[in-house]
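Understanding the architecture of this molecule
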Amino acid sequence: MFIGDFKQIGVYFSIKKYEEEFEQGRICTNICRCHKAAVLLLIMNIILLLIDLTIYRPMINTIKAYLYLCYSHIILIFFMFFWLSIYKVYTNINSYAINEALYYILINVVLYWCVFLSINGLSISGQVFSYIICSLVISTLMYLSPSESLIVYLSSVIVFIIELCIRLNDTKVLMSNIVNAVIVVFFSLLISNMNYINLVKDFINKKNILQNKMELEATNQKLKEYEKLRTDFFANISHELRTPLNVIYSAEQMMGVVLKQNNVNIEKMDKYMNMMKQNSFRLVRLINNLIDITKIDAASFNVLLANYDIVKIVEDITMSVVDYVEEKGLTLTFDTEVEEKVIACDPDIIERIVLNLLSNSIKFTEDKGNIFVNLYVEGDNICVSVRDTGIGISEQMKELIFDRFVQVDKSIKRKREGSGIGLALVKSLAEMHGGSIRVNSDLGKGSEFIVSLPDIMIKENEQDLNACNIINNHVEKINIEFSDIYQ
Ligand code: ADP
């Protein structure tokens, strides 16, 4: 495991900037921990010194080790003062070399202090282990590099053994202490290196996460750019398509006028001219829908809200298509629960919604079928329902038909034309009014589309003035919206 870890670290740190970044982080953590440890040791030693001077005072003169203990606390207190002052001055400079030197000095001093305390306090039970405890604490708390830990622990253990050899005459005791010290150093080195490896692994993981995040952000940015490109393309191509189409449409109208003026038998030409006209309308409708969907996506579709009698708008547009519907062998009935209902809406959009739903009803209802347009109040909403006795929609398709480009019958041989944009657009338009759309349908029996709009009005000064200047060209709108329906 260790060798594998070091290999991984080696590969990663072959990138110089990562090694530097890691080292800076490690030094920062170490110096921070050392600062806290120094404050703690200072307080602890002051308290210990006070205990020495008060509680142990009677023994100080008799037991040499206690006297030694007392002096060692005083030395350490002075050292900590000194260290903390240097720390205060130099941490502002933010030099990593100084910080590294500072924590290195503190570790060594504390460790050597424990070495001497252990040896000189041998006769006092408990003090012997200060070296052991200190080594283990340092190896756990500090992030020492393998070379740093090797220098720190090996040098201290050598000093420890030399001191023991000088002070102890009993070979058995000496040997047992040396064995203890070697075991401690071995474990300290192990813990220290494990700590170091974990820190490196954490660093690598963080770097990887960061790199993945950056890659994701870059991809996201690219996707956004592509999306914008796609939207722009759609907007552009739609406009490009509409311009020549308008020319065809105008030319066809001019042709009609000229043929009439020249007494040409128009009836013969009628069939072809109608074909041209209807297909021009189909393209206009498709392009209009594409443009609107693109605008909605780009949040640039404007709903011009003003207070209007929705009953009148729906009734007018329904009545204007009665003849057309009857020509198709269907009946169209309009009914309303309320005589008048003024709400904030965009009449142009309401007409489009109703015409779209009516166009579908005509398309998907067989000969002699019925279509009903109803208005009623439902709580705080006003509902516009378009119901037919047509082919109906299956349960699993009911959810999907409001998605773009979804058609129940997508086959080339299908009887009805369409692009699958209509209902998605109607849904967006209803939602832009703060409303919604739902469908009830029984396969083979018919469908009912219900657009529910909030029954609210807006203040006079908030009304969109443009909404009041709508030029209502019903014939044109109907021609366009019904262009998918063939004879
Ligand atoms: P299209 O241009 O194909 O009509 P729409 O989004 O308006 O696109 O409708 C999507 C699909 O929902 C239609 O292709 C049709 O399968 C189904 N649908 C819509 N209205 C009705 C209806 N009144 N009766 C039966 N099916 C309908």
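A brief report on the enclosed structure follows. Quick caveat, the model's predicted, so the values are computed rather than measured.

**Some remarks on a nonpolar patch on the surface**
- Taken together, the side chains of L136, V179, I183, F186, F187, L190 and M194 present a nonpolar region at the surface, about 590 Å² in accessible area.
- At six residues, the largest contribution of residues to the nonpolar patch is made by helix α8 (residues 171-261).
- On the basis of relative accessibility, which here comes to 32%, the residue L190 falls in the partly exposed class.

**Section: the side chain of S139**
- Within the secondary structure, S139 sits in helix α6 (residues 130-141).
- Looking at S139, its side chain comes within polar contact range of the main-chain oxygen of L136, at 2.8 Å.
- Residue contacts for S139: discarding those within four places in its chain leaves Y153, S188, I191, S192 and N195.

**Quick look at the side chain of D309**
- Tracing the backbone shows D309 in strand β1 (residues 306-309).
- No salt bridge forms around the buried D309; measuring N to O, its nearest opposite-charge neighbour K312 is 7.2 Å away.
- Look past the residues within four positions of D309 in its chain and what remains in contact with it is E339, E340, K341 and V342.

**Quick word on the sheet that holds strand β6 (residues 436-442)**
- Strand order in the open sheet formed by five strands is β2-β4-β5-β7-β6, with mixed pairing between adjacent strands. The two strands at the open ends of the sheet, each matched to only one other strand, are β2 (331-336) and β6. The mean angle between the axes of side-by-side strands here comes to 15 degrees, regardless of whether they run parallel or antiparallel.
- With eight bridges joining them, strand β4 (residues 370-378) and strand β5 (residues 381-388) adopt antiparallel strand pairing. Bridge pairing in β5 links I371 to D388.
- On top of the sheet, helix α10 (residues 310-319) reaches β2, β4, β5 and β7 (446-454); it is set at about 170 degrees to β2, its chief contact.
- Contacts between helix α12 (residues 347-363) and the sheet are confined to β2, β4, β5, β6 and β7, with β5 contributing the most and set at about 25 degrees to the helix.

Reading the values: rules and limits
- Sequence order as written defines the numbering, with residues in each chain counted from 1.
- Under the rules for a predicted model, residues below a pLDDT of 70 receive no local features and side-chain atom pairs below 80 are neither given nor counted, while totals for whole chains, interfaces and linings still include all residues.
- To get the side-chain values, all heavy atoms of the structure are used, and hydrogens and water are removed first.
- Here a patch means residues that are over 30% exposed by relative accessible area and free of salt bridges, tied together within 9 Å if like-charged and within 5 Å if nonpolar (Val, Leu, Ile, Met, Phe, Trp, Tyr).
- Surface accessibility in these figures is a Shrake-Rupley result with a 1.4 Å probe; residues are shielded only by whichever protein chains are displayed.
- By definition, a salt bridge exists where a carboxyl oxygen of Asp or Glu is found within 4 Å of a side-chain nitrogen of Lys or Arg.
- Each helix is a run of H or I in the DSSP string that is no shorter than four residues. Each strand is a run of E no shorter than two, and both are numbered from the N terminus.
- Whether a residue is buried, partly exposed or exposed follows from its accessible area with a 1.4 Å probe, protein chains only, as a fraction of its type maximum: under 20%, in between, or over 50%, in that order.
- Polar contacts, as used here, are pairs of N or O atoms within 3.5 Å; protein pairs need one atom able to donate a hydrogen and one able to accept it. Residues neighboring in sequence count only if both atoms are side-chain atoms.
- A contact between two residues is defined here by any heavy atoms of the two lying within 4.5 Å.
- Only four residue types enter the tally: Lys and Arg on the positive side, Asp and Glu on the negative side, with His and both chain ends excluded.
- Whether two strands pair comes down to DSSP finding at least two bridges between them.
- Fitting a line to C-alpha atoms yields each axis, with helices limited to the stretch in contact; the angle taken between N-to-C directions then spans 0 to 180 degrees.

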